[in-house]
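Given next are the chains, with one letter for each unit.
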Amino acid sequence: MREVYRHHEFIRVNHFRDLVEAAGIPTMLRNEHLVHGVVEIPIPEFYPNLCVMNDEDYEEAWSIVHQALEAEKTHPGEDLSCPECGENNPANFAECFACQTQLESPKPC
Ligand SMILES: [Zn+2]
């Protein structure tokens, strides 16, 4: 098992987990029980983190995470999660790409 990504926002870690799992790579979240999206623990050791179960998947998993991070720089803004189906949409989308539900503007946490 090897750590790929660590961040204090569980929702971010979980988002990257979805991306990596979608590529067929088995993953595991650590410290997920310590935060519930709202409480931030200011100690990096306790941040939620995403691990690959098999070390040999690390390179591929990291490249997926890295690409997603790069894409965020190109398209800044928070993802909008669809109120209907929960799918994440880029901030500039007016409708959910999955179910065409009207998306609301992101609310500050
Ligand atoms: Zn939707």
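Nothing here was measured: the structure is a model prediction, and the numbers come from that model. Throughout this document, residue positions are counted from 1 along each chain, in the order its sequence is written. Restriction of local features to residues with pLDDT of at least 70 applies here, the model being predicted, together with a cutoff of 80 or more for giving and counting side-chain atom pairs; totals for whole chains, interfaces and linings are based on all residues.

Undergrad: Just checking my understanding: could you explain the nonpolar core for this structure?
TA: The nonpolar side chains of a soluble globular protein tend to be buried, and buried together. Joined through C-beta atoms within 7 Å, a set of buried Ala, Val, Leu, Ile, Met, Phe, Trp, Tyr and Cys residues constitutes a nonpolar core. With C-beta atoms placed from the backbone, a residue is labelled by how many other C-beta atoms lie within 10 Å of its own: buried for 20 or more, exposed for 12 or fewer, partly exposed between the two. By size, the foremost hydrophobic cluster in this structure holds 11 residues: Val4, Tyr5, Phe10, Val13, Phe16, Val20, Leu50, Cys51, Val52, Ala61 and Ile64. Those elements giving two or more residues to this core turn out to be β1 (2-6), α1 (10-22), β3 (49-52) and α2 (58-74). With 4 residues, α1 is the largest single contributor of residues to this core. In this description, a residue-residue contact is defined by the distance between C-beta atoms placed from the backbone, which must lie within 7 Å. Setting aside residues up to four positions removed in sequence, Ile64 forms contacts with Leu19, Val20 and Ala23. Under the DSSP-based scheme used, a helix requires at least four consecutive residues in state H or I and a strand at least two consecutive residues in state E, with every element numbered from the N terminus.

Undergrad: Mind showing me how you'd approach the sheet that holds β3 here?
TA: Taking strand neighbours across the sheet as the criterion, the 3 strands line up as β1-β3-β2 in an open arrangement whose pairing is antiparallel. At either end of the open sheet lies a strand with only one pairing partner, and these are β1 and β2 (27-30). The average undirected angle you get between the axes of adjacent strands in this sheet is 30°. Strand pairing requires that DSSP identify at least two bridges connecting the strands. Where β1 and β3 come together, 4 bridges link them in antiparallel fashion. Considered in β3, the bridge of Tyr5 is made with Leu50. Every axis in this analysis is a line fitted to C-alpha atoms, fitted for helices over the stretch in contact. Angles between the N-to-C directions lie between 0 and 180 degrees. Across the sheet, α1 touches β1, β2 and β3, and the angle it forms with β2 is around 170°. Contacts from α2 reach β1 and β3, with the element oriented near 5° to β1.

Undergrad: Would you explain the packing of α1 against α2 in this entry?
TA: Packed helix pairs are characterised by how far apart their axes lie and by the angle those axes make with each other. Relative orientation of the contacting elements α1 and α2 amounts to 130°, with a least axis distance of 9 Å. Relative to α2, the element α1 is oriented oblique. With respect to the hand of their crossing, α1 and α2 are arranged in right-handed fashion. Here Phe16, Leu19 and Val20 of α1 lie close against α2, whose contacting residues are Ala61, Ile64, Val65 and Ala68. Each residue is assigned to one class: nonpolar for Ala, Val, Leu, Ile, Met, Phe, Trp, Tyr, Cys and Pro, charged for Asp, Glu, Lys and Arg, and polar for all the others, Gly among them. Its residues assigned to classes, the contact of α1 with α2 shows 7 nonpolar, no polar and no charged. Roughly parallel covers angles under 35 degrees, roughly antiparallel covers those over 145, roughly perpendicular covers 65 to 115, and oblique covers all other angles. Whether a crossing is left-handed or right-handed is set by the direction in which the near helix is turned from the far one by less than a right angle, anticlockwise for left-handed and clockwise for right-handed.

Undergrad: For this particular structure, what's the right way to read α1?
TA: Working note: α-helix, 3.6 residues per turn, so residues spaced by three or four point in the same direction. Every helix has an expected span of 1.5 Å times one less than the residues it contains. In this model, α1 (13 residues) spans 18 Å end to end at C-alpha, consistent with the 18 Å of a helix rising 1.5 Å per residue. Phe10, Val13, Phe16, Arg17 and Val20 are the residues of α1 that are buried. The buried residues of α1 all sit within an arc of 130° when viewed along its axis, so they share a single face. Relative to its buried face, α1 has exposed residues pointing more than 90 degrees away, namely Asp18 and Ala22. By arc we mean the arc of the directions from the helix axis to the C-beta atoms, nothing more.

Undergrad: Could you clarify how one ought to interpret the environment of Phe16 in this entry?
TA: The topology assignment puts Phe16 in helix α1. Residue classification places Phe16 among the buried residues on the basis of 20 C-beta atoms within 10 Å. C-alpha separation for the pair Phe16 and His66, spaced 50 residues apart in sequence, amounts to 9.7 Å. Discounting chain neighbours no more than four positions away, the residues touching Phe16 are Tyr5, Leu50, Val65 and Ala68.

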